[in-house]
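This is what each chain is made of:
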Amino acid sequence: MAQASSKIRNFSIIAHIDHGKSTLADRLIEYTGTMSTRELKEQVLDSMDLERERGITIKLHSVRLQYKAKDGEIYELNLIDTPGHVDFSYEVSRSLAACEGALLIVDAAQGIEAQTLANVYLALENDLEIIPVINKIDLPSADPEMVKHEIEDVIGIDASEAILASAKSGLGVEEILEAIVHKIPQPQGDDEKPLKALIFDSKFDSYKGAIPYIRVFDGKVTKGTNIKMMSSGKVFEIIEVGVFTPSMTIVEELRAGQVGYVAGSIKNVQDTQVGDTITDADDPVKEPLPGYRKAVSMVFCGLYPVETSEYEKLKDALEKLQLNDASLIFENETSAALGFGFRCGFLGLLHMEIIQERLEREFALNIITTAPSVVYRVTKTDREQILVDNPALLPPEGLIEFIEEPMVKASIMVPAEFVGPIMELNQEKRGNFLNMDYITETRVNLHYELPLSEIVYDYFDQLKSRTKGYASLDYELIGFQESKLVKLDILLNGEVVDALSFIVHKDKAYQRGRKLVEKLRSLIPRQMFEVPVQAIIGSKIIARETIRAMRKDVLAKCYGGDISRKRKLLEKQKEGKKRMKQVGSVEIPQDAFMAVLKMDD
Amino acid sequence: MPSLYVHVPFCQSKCAYCSFYSVPLGKILDNQKNGQIFNESSELIPQYLRGMAQEIKLRFTEAPSGVSTLFLGGGTPTVLNPRELEELLKTIHRNYIFVPEKAEMTVEANPGTLTLDKVAILHNYGINRISLGVQSFNNQILKRIGRIHTAEDISLGIKIIRKAGIENLNLDLIFGLPGQTMSDWQDTLKQAVACSPEHLSLYALTLEEDTPLGRKYLTLTQNLETNYPNDDSRLPLPDDDFQADMYEWAVNYLQGKGYKHYEISNFAKEGFECLHNQAYWQGEDYLGLGPGAVSCLRGVRTKNTEDLAKYSKMILAGEKAFDPLGTEVLTKEQLITEYMMLGLRTTKGIDLKKFAGKFKVEVQDIYGQILANYIDREILILVDGRLRINEIYFFVANSILQNFVI
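Residues numbered from 1 in each chain as written. Chains lettered and ligands numbered in written order. Predicted model: local features only at pLDDT ≥ 70, side-chain atom pairs only at ≥ 80, totals over all residues. Heavy atoms only, no water.

A. Main features of the overall build of chain A. A count of helices and strands for chain A gives 14 helices and 33 strands. At 27 Å, chain A has a C-alpha radius of gyration in line with the 25 Å of a compact globule built from 601 residues. Oriented by its inertia axes, the alpha-carbon framework of chain A measures out at about 85 × 65 × 55 Å. Each of the 601 residues in chain A was classed as buried or not, and the buried ones make up 58%. Contacts in chain A between residues at least 24 apart in sequence constitute 70% of all its contacts with a sequence separation of at least 6. Put simply, chain A shows about 25100 Å² of open surface, and 49% of that area lies on carbon and sulfur atoms. (Helix = DSSP H or I, 4+ residues; strand = E, 2+ residues; numbered from the N terminus. Rg over C-alpha atoms; globule rule 2.2 N^0.38 Å. Buried < 20%, exposed > 50% of the residue type's maximum accessible area, 1.4 Å probe, protein only. Contact = heavy atoms within 4.5 Å. Areas by Shrake-Rupley, 256 points an atom, 1.4 Å probe, with all protein chains shown as cover.)

Given below as structure tokens:
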């Protein structure tokens with residue numbers, strides 16, 4: 001028996017957005033001398049613009065730290081990062097499953113947030129040793145004692161030894177490293193057993209193909225090993241094994257307890273699904289590691305190029321993004337209004353926005369996004385059950401027996417003073433109150449059952465604005481529930497614009513229809529003729545607005561000296577029109593298609 | 001045969017809406033009156049006239065067999081004194097044959113600058129049409145937009161013009177001015193018609209960035225429906241809908257008074273349509289002389305520099321005074337685009353046979369689907385081989401013309 005090394009510690013960091021995860025990770029890297037400050041900067045620069053702009057870290061890279069502890073021994077510390085957003089809960093759970101311990105970072109002034117709590121529970125489920133770290137203690141409003149109480153009350157772990165730190169100034173970093181070494185258990189596992197490794201992340205490299213990031217539980221993997229993906233049975237020959245320092249560095253082998261990557265001309269990230277188990281094809285284990293599931297798309301929308309000629313370019317771009325993101329799915333879709341495009345599935349709204357922005361920034365594409373939709377389960381009168389993720393494809397009313405919508409269980413953590421507004425919001429959002437726990441005297445955790453579609457529409461923004469940004473949200477899918485749902489169509493100049501259709505609860509249809517036609521009236525520029533904007537359900541008109549005809553657009557003078565300028569103006573206007581979609585005889589600007597999503601007052 | 005445009009880049013003072021190149025002489029004249037004569041400035045007009053004489057010679061080969069019309073525009077040509085006007089016209093006649101002999105010859109004039117001796121000289125040198133910059137008959141509005149004349153000056157000016165024997169008179173009017181009401185506009189139109197001009201041009205105020213009015217209104221907000229505080233400093237500007245109402249009223253009114261609406265902005269008694277401008281709209285060649293003037297000959301467009309000093313220097317050195325940024329060699333696509341854009345501004349529209357002859361391609365082959373669609377929706381009308389915009393869509397012609405850009 002060759003036990004996994006006692007000098008290895010695998011850990012992750014659990015923190016709410018803004019509580020200082022990236023900064024602390026940087027400090028750990030710096031302190032252990034894994035990277036110089038200059039390299040560190042480059043590393044940060046390497047991450048997506050989007051992440052930096054939004055001030056959130058979608059994902060850090062994994063990194064192996066060499067730390068010479070006070071006991072004189074050198075330890076191999078593997079930091080496995082977790083994404084910090086509710087859209088990516090499954091990925092978080094798999095990353096946690098690859099560790100033995102986690103640092104729980106809590107902001108000394110703000111206390112625990114719902115997202116943090118959700119991830120701590122995931123960590124506890126995975127039997128992780130939790131090391132509480134109270135960060136930002138140098139803030140004037142810091143209240144570490146309060147936070148300690150909260151940690152003990154809410155999570156039920158001992159916080160008396162919580163480390164007081166300031167990632168910004170570097171305070172507490174050594175203490176944290178020592179705690180990692182001494183409190184987090186060494187990995188269990190056996191080098192001699194057949195290979196069993198967990199994929200916790202993957203990325204695509206244009207030379208090496210899809211590269212799974214793995215944690216080896218048993219056995220070892222070297223160049224030449226034939227590995228088998230247990231979910232699909234596919235076999236690949238390993239041609240490179242390495243670790244993250246944090247750049248990819250080739251090593252001889254990865255043994256039980258270690259973290260690194262393998263490469264083996266795997267063409268598609270779909271073959272390196274997070275949560276899957278890798279084993280040795282020539283000496284396989286019988287049972288995979290528990291917890292694997294295929295990524296589930298929660299939100300769907302149509303993506304269309306503004307210029308129809310860019311369809312191929314959009315397809316290319318989606319394929320490229322998919323190389324690195326197995327959770328992005330898409331298939332062809334045709335819209336009468338928008339032409340050829342794609343129906344795409346996302347883990348959540350943030351995921352959707354990220355993809356959308358990357359398409360526009362990294363691929364310079366002009367795209368129209370249709371209103372996000374969830375998947376509805378429709379039982380037809382002939383008892384056939386179908387799943388509908390595109391409102392335009394909902395069967396006619398007469399053929400529908402009933403419709404079910406996906407439900408989530410949501411936890412909203414909020415200071416007690418905001419309970420009123422939260423309850424009000426959830427009422428509006430068709431929420432079903434389950435219960436409420438007092439975490440401390442001043443903080444509560446409210447539990448609701450809500451339709452997923454309500455979370456998709458403007459829920460998060462409302463939550464933030466009604467609680468001055470203090471509320472945090474976590475949710476999980478719990479199944480389908482029958483509901484009184486109808487399809488609302490929009491008619492422009494008497495023609496249905498399929499890309500604007502959406503499914504909505506009957507009781508809300510009138511109000512939503514009203515708001516949407518008003519919004520469209522203000523977003524669609526006046527045309528040469530009057531354009532009625534109508535919202536209809538079936539054949540019943542529930543709201544109507546009129547875009548008055550444009551009456552003047554002409555430059556009054558046009559003589560010898562004006563001709564060139566005038567032609568250039570027309571050329572410019574024509575160019576501008578390319579950003580518009582011609583639907584029937586009406587020209588619709590790009591943002592009108594997003595109006596369905598943004599209908600807050 | 002090209003038409004001839006001669007730019008006179010002087011005014012007494014700049015109007016608040018005007019972005020044409022002109023040098024305001026008012027200050028200079030004032031200074032002269034006060035005895036502070038700046039040699040350089042008082043030399044401006046002679047300098048200009050010398051340059052013009054030279055430019056005509058330099059560019060003679062561009063219209064060797066003569067020109068079809070003359071348009072003396074500005075600025076304000078009539079800010080020149082009788083002697084200067086005579087010199088300018090002499091130079092022109094000495095160098096150009098007009099075909100026909102009794103060609104249309106227009107001079108733009110400001111009512112505040114007209115004297116009988118000036119108009120008599122113009123008439124003597126063949127000027128048979130005067131385009132009078134009236135803009136409004138409301139003295140308050142005139143003052144507000146920086147006009148140097150009053151309503152009374154207009155009547156006086158017209159009397160002089162008629163007395164001198166000019167039988168073709170155009171009045172320029174502007175609508176959509178700051179603080180202008182519908183009844184102001186109606187009153188202006190009625191007074192204009194009462195003067196019995198043969199021709200009327202109605203221009204919707206267009207805000208240009210580099211003008212006092214533009215600076216005042218463009219910087220604020222694009223939403224002109226906003227009500228500005230009702231003081232003289234920022235009077236409400238009629239919005240597009242209001243301008244459209246003004247335009248519609250004018251079109252109906254003038255048609256009732258026997259004026260034919262023959263181009264988006266232009267109205268004339270039968271037989272008095274402006275030939276010079278029609279040449280522009282039919283895509284004919286034109287030669288433009290003087291600082292800032294634009295020419296377009298055999299598909300090449302050039303523009304003279306908008307700087308009198310530079311212009312004079314170049315011309316006197318024997319070079320053409322082109323502004324390099326203003327030169328364009330038009331592609332066939334651009335020529336066709338312009339031909340459509342200009343032709344469709346007129347009520348006669350485009351002669352499809354002439355189009356095919358000129359460009360060796362049928363209109364339908366280029367614009368097949370758009371054309372069919374517009375004709376179907378009665379936005380365009382195709383009758384007797386001519387294609388035109390349905391008059392009710394004249395004021396939104398841009399939306400239509402955009403689709404003819406190729």
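Right, picking up where we left off after that structure.
B. Spotlight on the sheet that holds strand β16 (residues 277-280) of chain A. All names here are of chain A. Ordered by their spatial adjacency, 8 strands build an open sheet running β11-β10-β16-β7-β8-β15-β12-β13, and the pairing between neighbours is antiparallel. Two strands close off the open sheet at either side, each with one partner strand: β11 (235-237) and β13 (248-250). Shown here is a sheet whose adjacent strand axes are inclined to one another by a mean of 40 degrees, direction ignored. Judged from the 9 bridges that link them, strand β7 (residues 196-205) and strand β8 (residues 209-218) form a sheet pairing that is antiparallel. Residue pairing for β8: Asp205 is matched across the bridge by Gly209. (Pairing = 2+ DSSP bridges. Axes fitted to C-alpha atoms, helices over the stretch in contact; angles between N-to-C directions.)

C. Looking closely at the pairing of strand β15 (residues 259-263) of chain A. Residues and elements named next belong to chain A. Burial of β15 is extensive: 5 of the 5 residues sit out of reach of the surface. Where burial is concerned, the two faces of β15 agree: the one with Val259, Tyr261 and Ala263 and the one with Gly260 and Val262 are both buried. Sheet analysis places β8 next to β15, joined by 3 bridges and oriented antiparallel. Along β15, the bridge assignment pairs Arg215 with Val259. Examined bridge by bridge, strand β12 (residues 240-244) and β15 share 3 bridges and lie antiparallel to one another. By the bridge assignment for β15, Gly242 is matched with Tyr261.

D. Representation of the interface of chain B and chain A within the structure. In this complex, chain B contributes 45 residues to the contact, which on the side of chain A involves 29 residues. When chain B packs against chain A, the two sides together hide about 3500 Å² of surface, and 53% of this comes from carbon and sulfur. Taken together, the connections running from chain B to chain A amount to 9 salt bridges. With its nearest N and O atoms 3.8 Å apart, the salt bridge here joins Glu328 of chain B to Lys568 of chain A. Counting across the interface, chain B meets chain A through 23 residue pairs in polar contact (both at pLDDT 80 or more). Per-element tally for the side of chain B that touches chain A: the top contributor is helix α10 (residues 240-256) of chain B, with 6 residues. (Buried area = accessible area lost by both parts, 1.4 Å probe. Salt bridge = Lys/Arg side-chain N within 4 Å of Asp/Glu carboxyl O. Polar contact = N/O pair within 3.5 Å; in protein donor to acceptor, adjacent residues only side chain to side chain.)

E. A look at the pattern of salt bridges. Summed over all chains, the structure comprises 49 salt bridges over all chains. Glu454 of chain A is paired through a salt bridge with Arg430 of chain A; the nearest N and O atoms lie 2.8 Å apart. Separated by 24 residues along the polypeptide, Glu454 of chain A in helix α11 (residues 452-456) and Arg430 of chain A in the loop between α10 (419-428) and β24 (432-438) bring together distant segments of the chain. Here Lys354 of chain B ties to Glu284 of chain B by a salt bridge, and the two come within 3.8 Å at their closest N and O atoms. Within this pair, whereas Lys354 of chain B is found in helix α14 (residues 352-359), its partner Glu284 of chain B is found in the loop between α11 (275-281) and β11 (286-289), the two being separated by 70 residues in sequence. Where salt bridges share partners, they join Arg567, Lys568 and Glu571 of chain A together with Arg301, Glu328 and Glu338 of chain B into one cluster.

F. How the structure looks around the side chain of Arg567 of chain A. With respect to the helices and strands, the residue Arg567 of chain A is situated in helix α14 (residues 563-577). Classification of Arg567 of chain A by relative accessible area gives buried; the value is 1%. Once residues within four sequence positions are removed from consideration, Arg567 of chain A is found in contact with Arg301, Glu328, Leu330, Gln334, Thr337, Glu338 and Met341 of chain B.

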